[in-house]
Amino acid sequence: MQRTQAAAHAALSTSATPEDSPGQSASRRQFFRVGGLFAAGLAASSALAPVTSWAGTMSKSTTDDVAILNVALGLEYQAIAAYQVGAESGLLEKPVLAVAVKFQGQHKAHAEVLSSTIGKLGGTPVMAKKPDEYGFPTASLKSQADVLEFAAGLEKGAASAYLGAVPQFHNKDLAKAAASIMGDETMHWAILLNALGKDPVPAAFIA
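Not measured: the values here are computed from a predicted model. (Residues numbered from 1 in each chain as written. Predicted model: local features only at pLDDT ≥ 70, side-chain atom pairs only at ≥ 80, totals over all residues. Heavy atoms only, no water.)

Novice: Sorry if this is basic, but what is going on with the side chain of Gln 144 here?
Specialist: Inspection of the secondary structure puts Gln 144 in helix H5 (residues 144–165). Only 2.7 Å separates the side chain of Gln 144 from the backbone nitrogen of Glu 93, close enough to count as a polar contact. (Helix = DSSP H or I, 4+ residues; strand = E, 2+ residues; numbered from the N terminus. Polar contact = N/O pair within 3.5 Å; in protein donor to acceptor, adjacent residues only side chain to side chain.)

Novice: I would appreciate a short explanation of the layout of surface pockets in the present structure.
Specialist: Taking a probe equal in size to a water molecule and rolling it over the atoms shows the remaining empty space. A volume near 150 Å³ is recorded for the largest pocket. Around the largest pocket sit Lys 156, Thr 186, Trp 189, Ala 190, Pro 200, Val 201, Pro 202, Ala 203, Ala 204, Phe 205, Ile 206 and Ala 207, which together line it. By residue number, the principal contributor to the lining of the largest pocket is helix H6 (residues 172–195), which donates three residues. Partitioned by chemical class, the residues of the lining of the largest pocket number ten nonpolar, one polar and one charged. (1 Å grid on protein atoms, 1.4 Å probe; cavity = no way out; pocket = protein on both sides within 12 Å on 5 of 7 lines; lining within 4 Å. Points joined across faces, edges and corners; volume = space filled by probe spheres on them. Nonpolar A, V, L, I, M, F, W, Y, C, P; charged D, E, K, R; others polar.)

Novice: Looking at this structure, how should I read the packing of helix H3 (residues 62–88) against helix H4 (residues 94–120)?
Specialist: Helix packing for two helices is described by the angle between their axes and how far apart those axes are. Between H3 and H4, whose axes approach to 9 Å, the crossing angle comes to 155°. Taken together, H3 and H4 sit at an angle that is classed as roughly antiparallel. Considering only the axes of H3 and H4, their crossing is left-handed. Residues Val 66, Leu 69, Asn 70, Ala 72, Leu 73, Glu 76, Tyr 77, Ala 79, Ile 80, Tyr 83, Gln 84 and Ala 87 of H3 touch H4, and the partners they reach there are Leu 97, Ala 100, Phe 103, Gln 104, His 107, Lys 108, His 110, Ala 111, Leu 114, Ser 115, Thr 117 and Ile 118. Tallied by class, residues from the contact of H3 with H4 come to 15 nonpolar, seven polar and two charged. (Axes fitted to C-alpha atoms, helices over the stretch in contact; angles between N-to-C directions. Parallel < 35°, antiparallel > 145°, perpendicular 65-115°, else oblique. Left-handed = near helix turned anticlockwise from the far one by under 90°. Contact = heavy atoms within 4.5 Å.)

Novice: Explain the pattern of salt bridges here, please?
Specialist: Two side chains that carry opposite charge are able to pair once their charged atoms sit near each other. The tally for this structure, following the rule as stated, stands at one salt bridge. The shortest N-O distance in the salt bridge between Lys 198 and Glu 149 comes to 2.9 Å. You can see Lys 198 sitting in the segment after H6 and its partner Glu 149 sitting in helix H5, a full 49 residues away along the chain. Accessibility expressed as a relative area gives 17% for Lys 198, which makes it buried. Glu 149 sits in the buried class, given a relative accessible area of 0%. (Salt bridge = Lys/Arg side-chain N within 4 Å of Asp/Glu carboxyl O. Buried < 20%, exposed > 50% of the residue type's maximum accessible area, 1.4 Å probe, protein only.)

Given below as structure tokens:
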């Protein structure tokens, strides 16, 4: 188990982004639904960056934009930590771990851009928390399906949070950038749903 965790940690520490996908191996099998973990993922994401904190609060200045960007940065740090926890659980098969590495790498890219932008706008980027400070339901992660359900919940929550942020920016270039990140979060969510044997596009709209 320790060897598996060490290997997972090493893989996630690299800058490589493997192109494997869950559909390229026997991991394409149908996974059981674990609705509680999906809900836990959504709850964790909402606790960090509640969409309601942005709704109806139109930014009127660069300072307001920086505040929105910092919430988004915190959300990306949370996603990075979540994928680290999932990988170190030793529950992910190699092809699925490769996808987790890729997704975590993309969240790192989001965080780097957000942090850099905040600095250029004269703000101070928030700091990442330690994984155990996010309150992830690690005790409930007992299978690969559990990890995927939890990750799917986080990705859906992230997509919803960005959806709430996009129309609030004072600087419309920032709105465009946030929309681009939202598209990536949504693709992550769809791929995770597909790996779980669920409809990857369950509705015509996200909320």
